[in-house]
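Topology and contacts: notes
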Amino acid sequence: MTSEPLDALRLPIVPVEPRREFAAVLLRRIEGSGEPVTGGTASVRYFVDDLDAAVAFYCDNLEFETALRPSPAFAMLYRGDLRLLLSVPGGPSGSHSLPDGTVPEPGGWNRISLQVHDLVDTVEALRRKGVRFRNDIATGVGVRLVLLQDPSGNPVELFEPTAGYHERAR
Amino acid sequence: MSTVSVRYIVDDVDAAIAFYCGRLGFQELMHPDPAFAMLTRGDLRLVLGSPIGPDHRGGGSRPMPDGRKQEPGGWNRIMLEVPDLGAAVEALRGQGASFRNDIVTGVGVKQILLEDPSGNPVELFEPIRPEARLENR
């Protein structure tokens, strides 16, 4: 076996265990997605029954990106400035259970509200993908909106601003 | 300008405005209707709506077509970062705020679950690892 003369000049490749806090950023760079997934100062936690189904739902249907997925009971997603934490209640460590044993659950009515350009088109596309909605498009003051459900039954509001929205909302 | 929007259903919009603005550093953007207000804190816009009838001009907190009414509560929540959780909790307790639990230390954060006057949860957290910190502050 002959060795190339240049081999002597090549630097050895040493596998390095990345520090945990940089691992997610490195992974995204390796995957070629360029800029690290980061957001602003808004953070929301949702409880989900099935983490795989939730991550797939938010990333495939609503343009979220996965930033961290360190355990079977937790994931951190981003969409713009929104950081969405997905937690599976009542995991082995009893994470998020209350001192009296109450276990959190998905559902309720409080929700993130995502702006879309064309609500009718978006709803049609999501319905074709099998996404469930709690209602039909409702028209309010300066906004049209609809409530969809993630696989665990958590509500997500989609809205499209209408005339007068910007003067009122900003 | 806030870029992220969250809607909370509350029983009493005025009481909610006093709570979020008076205790948690939100600012009121608008309160054009007794059943509706919009607050802001950093990148978060918090839209407060109280349950309304099907014919109300507001669209966000009407009942569903099957008659189900929207209501406060549940477990999903906004998360607000504070620099010193112990001090924040003590100050809030001093103001009569109610909590669902005591401070819990997790993997990346210390956290606690506060309740607004309608019983909606608000998670307060103090990062104990760098990646748990909210970025671009």
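Residues numbered from 1 in each chain as written. Chains lettered and ligands numbered in written order. Predicted model: local features only at pLDDT ≥ 70, side-chain atom pairs only at ≥ 80, totals over all residues.

Side note on the overall build of chain A
Looking only at helices and strands, chain A has four helices and nine strands in total. The secondary structure elements of chain A, listed N-terminal to C-terminal, are α-β-α-β-β-β-β-α-β-β-β-β-α. Counting every position in chain A, which comprises 170 residues, the buried fraction comes to 33%. Sequence separation of at least 24 residues holds for 48% of the intrachain contacts in chain A that already meet a minimum separation of 6. (Helix = DSSP H or I, 4+ residues; strand = E, 2+ residues; numbered from the N terminus. Buried ≥ 20, exposed ≤ 12 C-beta atoms within 10 Å, placed from the backbone. Contact = placed C-beta atoms within 7 Å.)

Thoughts on the interface of chain B and chain A
Across the contact, 42 residues belong to chain B and 40 residues belong to chain A. For the side of chain B that touches chain A, the secondary-structure elements that each account for two or more residues are strand 1 (4-9), strand 4 (44-49) and strand 5 (77-81) of chain B. For the side of chain B that touches chain A, the element with the highest residue contribution is strand 1 of chain B, accounting for six residues. Class assignment for the residues of the side of chain B that touches chain A results in 16 nonpolar, 13 polar and 13 charged. (Nonpolar A, V, L, I, M, F, W, Y, C, P; charged D, E, K, R; others polar.)

Some remarks on the domain arrangement of chain A
Much of the literature gives interface size as the accessible area that the parts lose upon coming together. Residue and element names in this part refer to chain A. With domains assigned, chain A is organised as domain 1 (14-24 + 33-95) and domain 2 (106-170). Taken together, the contact pairs 13 residues of domain 1 with 11 residues of domain 2. Ranked by the residues each element gives to the side of domain 1 that touches domain 2, the list is headed by helix 2 (residues 51-62), at five residues. Across the side of domain 1 that touches domain 2, the residue classes tally to 10 nonpolar, one polar and two charged. (Domains from an automatic or database assignment.)

Thoughts on the confidence of the model for chain B
A low pLDDT means the predicted coordinates there should not be read in detail. For chain B, per-residue confidence averages 93 on the pLDDT scale, and 97% of positions sit at 70 or higher. Two summary scores accompany this predicted model of the complex, namely pTM at 0.85 and ipTM at 0.94. (pLDDT = per-residue confidence, 0-100.)

Looking at the nonpolar core
Judged by nonpolar contacts, the single largest core of 63 residues is most densely connected at Leu77(A), Leu84(A), Leu86(A), Val6(B), Leu46(B), Leu48(B) and Leu124(B). Counting contributing residues per domain, this core is built from domain 1 (14-24 + 33-95) and domain 2 (106-170) of chain A, each supplying no fewer than three. If we skip the residues at most four places from it in the chain, Leu84(A) touches Val44(A), Tyr46(A), Tyr58(A), Phe64(A), Leu77(A), Arg79(A) and Ile112(A). (Core = buried A, V, L, I, M, F, W, Y, C linked by C-beta atoms within 7 Å.)

Here we look at unusual backbone geometry
With phi around 65 degrees, Glu63(A) is a residue other than glycine that occupies positive phi space. A tally of 12 C-beta atoms within 10 Å means that Glu63(A) is categorised as exposed.

Notes on the environment of Ser2(B)
Residue and element names in this part refer to chain B. By the element assignment, serine 2 lies in the segment before strand 1. Taking the C-beta count within 10 Å as the criterion, serine 2 has 22 such neighbours and is therefore assigned buried. Between the alpha carbons of serine 2 and leucine 39 there is a distance of 9.5 Å; along the sequence they are 37 residues apart. With residues up to four places along the chain from it excluded, the contact list for serine 2 reads Thr40, Asp43, Leu44 and Arg45.

Focus on helix 1 (residues 13-23) of chain B
All names here are of chain B. Listed in full, the buried residues belonging to helix 1 are Ala16, Phe19 and Tyr20. Buried residues in helix 1, looked at end-on, bunch into an arc of 85 degrees, giving them a common side. Along helix 1, exposed side chains directed more than 90 degrees from the buried face belong to Ala18 and Gly22. Check the buried side of helix 1 and you find it contacts strand 3 (36-41) and strand 4. (Arc of directions from axis to C-beta.)

Overview of helix 2 (residues 85-94) of chain B
Residue and element names in this part refer to chain B. Where helix 2 is concerned, the buried positions are Leu85, Ala88 and Val89. Angularly, the buried residues of helix 2 cover 95 degrees about the axis, an arc narrow enough to put them on a single face. Opposite its buried face, helix 2 presents the exposed residues Gly86, Ala87, Glu90 and Gly94, each directed more than 90 degrees away. Turning to helix 2, the residues buried within the fold contact strand 8 (109-115) and strand 9 (121-127). Remark: glycine 96 follows helix 2 within two positions and exhibits a positive phi of approximately 90 degrees.

Section: the pairing of strand 5 of chain B
Strand direction decides the pairing type here: strand 1 (residues 42-47) of chain A and strand 5 of chain B, joined by three bridges, are antiparallel. Across the sheet, residue Val44(A) finds its bridge partner in strand 5 of chain B, namely Ile78(B). Direction of pairing for strand 5 of chain B relative to strand 9 of chain B: parallel, over a ladder of four bridges. Paired with Met79(B) across the strands is Glu123(B), a residue of strand 9 of chain B. (Pairing = 2+ DSSP bridges.)

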